[in-house]
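Here is how the chains run, residue by residue.
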Amino acid sequence: PWENDIPFFLVDFENDSSVDVCPRKVLKNICKQAADEINAKALCGPELEFFNFAETVDSWNEKLCSNPKPFTPGMFGYSLVRT
């Protein structure tokens, strides 16, 4: 998962309360809250990925539903399925 020799990192923002949008941190906080409040423990959880494309119904049909143009260029964040 490289683009122009740029390294690929998956990280958790553990010690920074200002980064509450980190998906892993949100999940950890929810799991801790569930454990504290109702004695529940998460055993697994899905990580759903979706992609946005710069296509209309007409442009997609003209391409015969193949090779969609990405909405943004690049590595697509940390997605390993789009590298």
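Quantities reported herein were computed from a predicted structural model and do not represent experimental measurements. (Residues numbered from 1 in each chain as written. Predicted model: local features only at pLDDT ≥ 70, side-chain atom pairs only at ≥ 80, totals over all residues. Heavy atoms only, no water.)

Caption draft 1: Fine view of the overall build of the protein. Scanning the protein from terminus to terminus reveals two helices and zero strands. Across the 83 residues in the protein, those meeting the buried criterion constitute 8%. Considering only intrachain contacts with a sequence separation of at least 6, the fraction spanning at least 24 residues in the protein is 29%. Carbon together with sulfur atoms contributes 60% to the accessible area of the protein, which is approximately 7,300 Å² in total. (Helix = DSSP H or I, 4+ residues; strand = E, 2+ residues; numbered from the N terminus. Buried < 20%, exposed > 50% of the residue type's maximum accessible area, 1.4 Å probe, protein only. Contact = heavy atoms within 4.5 Å. Areas by Shrake-Rupley, 256 points an atom, 1.4 Å probe, with all protein chains shown as cover.)

Caption draft 2: Looking closely at the pattern of salt bridges. Applying the stated criterion to the full structure yields two salt bridges. For the salt bridge of E55 with K63, the shortest nitrogen-to-oxygen distance reads 2.6 Å. When its relative accessible area of 32% is taken as the criterion, K63 is described as partly exposed. (Salt bridge = Lys/Arg side-chain N within 4 Å of Asp/Glu carboxyl O.)

Caption draft 3: Representation of unusual backbone geometry within the structure. Located in the positive-phi region is L64, a residue other than glycine, with phi close to 55°. Structurally, L64 is set in the segment after α2 (57-62). We classify L64 as exposed; its relative accessible area is 71%. Even without a glycine there, the phi angle at N67 is positive, about 55°. Mapped onto the elements, N67 comes out in the segment after α2. For N67, a relative accessible area of 64% translates into the label exposed.

Caption draft 4: Layout of the environment of F51. With respect to the secondary-structure elements, F51 resides in the loop between α1 (23-38) and α2. On a C-alpha basis, the gap between F51 and P70 in space is 8.0 Å, while along the polypeptide they are 19 residues apart.

Caption draft 5: Fine view of α1. Taking 1.5 Å of rise per residue, 16 residues should cover 22 Å, and α1 covers 22 Å from first to last C-alpha, within 8% of that figure. At the exit of α1 stands N39, carrying a positive phi of roughly 55°. (Expected span 1.5 Å × (residues − 1).)

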